[in-house]
Amino acid sequence: MQLAFGHRPVYDGLECRMRKGEIHLLLGGSGTGKSTLLRMIGGLQRPDSGIVRVAGHDLAGLRERDLGEIRKGIGMLFQNGALLDSMTVLENVGLPLREHTKQSRVEIEERVSSVLSAVGLDDVQSLLPRELSGGMLRRVAFARAIVMEPEILLCDEPFSGLDPLNVTRIEDLLVRLNKELGLTVVVTSHHMASSLRMADQMILMRDRICVSGTPEELAGGDDEGVIEFLGEDGRSFLARLHEIRDHGNVGDGSSAGDLR
Ligand SMILES: Nc1ncnc2c1ncn2[C@@H]1O[C@H](COP(=O)(O)OP(=O)(O)OP(=O)(O)O)[C@@H](O)[C@H]1O
Ligand SMILES: [Mg+2]
């Protein structure tokens, strides 16, 4: 797949496969095209050439209406929040339900309360975005991304600006949604420790292509770009991954609240 903005190529021969039901961690330096790749999967950006296939559909070949249908099954958390300033938290999180379902006001309120509680936010429903902290905004945006129970969740930097408790909370929630509902997740993050703990697949963007594999495969491999990106800390972290996965708190869902 190829894509350039003006004379600046972002991808040149990029080939990347992501598997249904797995958690994919998208890594790479600033400007390597992580957010752009999420936008492509979400049907918001088309490649110059090549194919972007999601759930068996080539997105480039779809009409806007069919693309809209596919987008309903995709939750997106954008890097820069994108909540609507003039709407309360309840209205922001409930927006996809109001637009795409026939649920009643009461049903929508119940669902919104449930997802807000799952991200650790109670009693903020009537507040406006400007009345929230950065970490709270991130969690509201996350709640909005999962409110429709999507099959695919694209999360751009879900952990940025969160305190350790909330990093763990969001991480647990992602793992639970993945394990219990089979949610396919693609997450970009600079929060290496947390993200590596939950990743089934790692995709490292570099030199306009990507290198991918399980964390164990990439850590054990000899790709110079991977070694350079992970650095000493990243590699020793990966070497201890089994230990961390066995003893970490990921997947027990203890702080994630009830989603259904
Ligand atoms: N709409 C756009 N118009 C022009 N150039 C763009 C546009 N979107 C992205 N780019 C360029 O594409 C490249 C990749 O951007 P992208 O936002 O995907 O990077 P990123 O890997 O997400 O970086 P970061 O880690 O800083 O978020 C950058 O060089 C950026 O300047
Ligand atoms: Mg980005």
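Student: Describe the nonpolar core, with residues and values.
Tutor: Counting 64 residues, the largest nonpolar core has Val115, Val119, Val140, Ala143, Leu154 and Leu204 as the members making the most contacts within it. Among the elements that make up this core, the one with the highest residue count is helix 5 (residues 134-146) (8 residues). Both domains that furnish three or more residues to this core are identified here as domain 1 (2-73 + 152-247) and domain 2 (83-149). Excluding its chain neighbours within four sequence positions, the residues that come into contact with valine 140 are Leu83, Val89, Asn92, Val93, Leu121 and Leu132.

Student: Before we move on, can you summarise the environment of glutamate 217 with the specific residues and values?
Tutor: Within the secondary structure layout, glutamate 217 lies in helix 8 (residues 215-220). A tally of 15 C-beta atoms within 10 Å means that glutamate 217 is categorised as partly exposed. Along the chain, glutamate 217 and glycine 42 lie 175 residues apart, while their C-alpha atoms are 27 Å from each other.

Student: Hey, could you go over the site of ligand 1 for me, with residue numbers and the actual values?
Tutor: Around ligand 1 sit Phe5, Arg8, Val10, Gly28, Ser30, Gly31, Thr32, Gly33, Lys34, Ser35, Thr36 and Gln79, and that is every residue in its neighbourhood. Going through the elements one at a time, strand 2 (8-12) and helix 1 (34-41) are the ones with two or more residues in the shell around ligand 1. Here the shell around ligand 1 takes 3 residues from helix 1, the largest share from any one element. Here the residues of the shell around ligand 1 sort into 2 nonpolar, 8 polar and 2 charged.

Student: Pulling in residues and values, what's your account of the confidence of the model for the protein?
Tutor: Here the protein shows a mean pLDDT of 88. Residues at 70 or above account for 91%. Averaged pLDDT values for the elements of the protein fall to 68 in helix 10 (residues 241-247) and rise to 97 in helix 4 (residues 105-118). Across residues 249-260 the pLDDT falls below 50, and counting only partners more than four positions away or on other chains, this stretch makes 24 contacts in the model.

Student: For the domain arrangement of the protein, give the residues involved together with the corresponding values.
Tutor: Once the domains are mapped, the protein shows domain 1 (2-73 + 152-247) and domain 2 (83-149). The centre of domain 1, based on its C-alpha atoms, is set 25 Å off from the matching centre of domain 2. If you look at the interface, domain 1 gives 14 residues, while domain 2 gives 13 residues. Contributions of two or more residues to the side of domain 1 that touches domain 2 are made by strand 7 (152-156) and helix 6 (164-181). When residues of the side of domain 1 that touches domain 2 are assigned to their parent elements, the largest contribution, 6 residues, is made by helix 6. Taken together, the residues of the side of domain 1 that touches domain 2 break down into 8 nonpolar, 3 polar and 3 charged.

Student: I'd like a description of the packing of helix 3 (residues 89-100) against helix 5, backed by residues and values.
Tutor: In contact at an axis separation of 7 Å, helix 3 and helix 5 are set at 30° when each is read in the N-to-C sense. Regarding the angle of helix 3 to helix 5, the classification is roughly parallel. Crossing handedness for the pair helix 3 and helix 5: right-handed. Only Val140, Ala143 and Arg144 of helix 5 make contact with helix 3, whose side of the interface consists of Val89, Asn92, Val93, Leu95 and Pro96.

Student: Please set out the pairing of strand 2 residue by residue, giving values where relevant.
Tutor: With 4 bridges connecting them, strand 1 (residues 2-5) and strand 2 associate as antiparallel partners. Bridge pairing in strand 2 links phenylalanine 5 to arginine 8. Where strand 1 hands over to strand 2, the hairpin turn is made up of 2 residues, of which glycine 6 adopts a positive phi near 60°.

Reading the values: rules and limits
Residues numbered from 1 in each chain as written. Chains lettered and ligands numbered in written order. Predicted model: local features only at pLDDT ≥ 70, side-chain atom pairs only at ≥ 80, totals over all residues. Core = buried A, V, L, I, M, F, W, Y, C linked by C-beta atoms within 7 Å. Buried ≥ 20, exposed ≤ 12 C-beta atoms within 10 Å, placed from the backbone. Helix = DSSP H or I, 4+ residues; strand = E, 2+ residues; numbered from the N terminus. Domains from an automatic or database assignment. Contact = placed C-beta atoms within 7 Å. Near = placed C-beta within 6 Å. Nonpolar A, V, L, I, M, F, W, Y, C, P; charged D, E, K, R; others polar. pLDDT = per-residue confidence, 0-100. Axes fitted to C-alpha atoms, helices over the stretch in contact; angles between N-to-C directions. Parallel < 35°, antiparallel > 145°, perpendicular 65-115°, else oblique. Left-handed = near helix turned anticlockwise from the far one by under 90°. Pairing = 2+ DSSP bridges.

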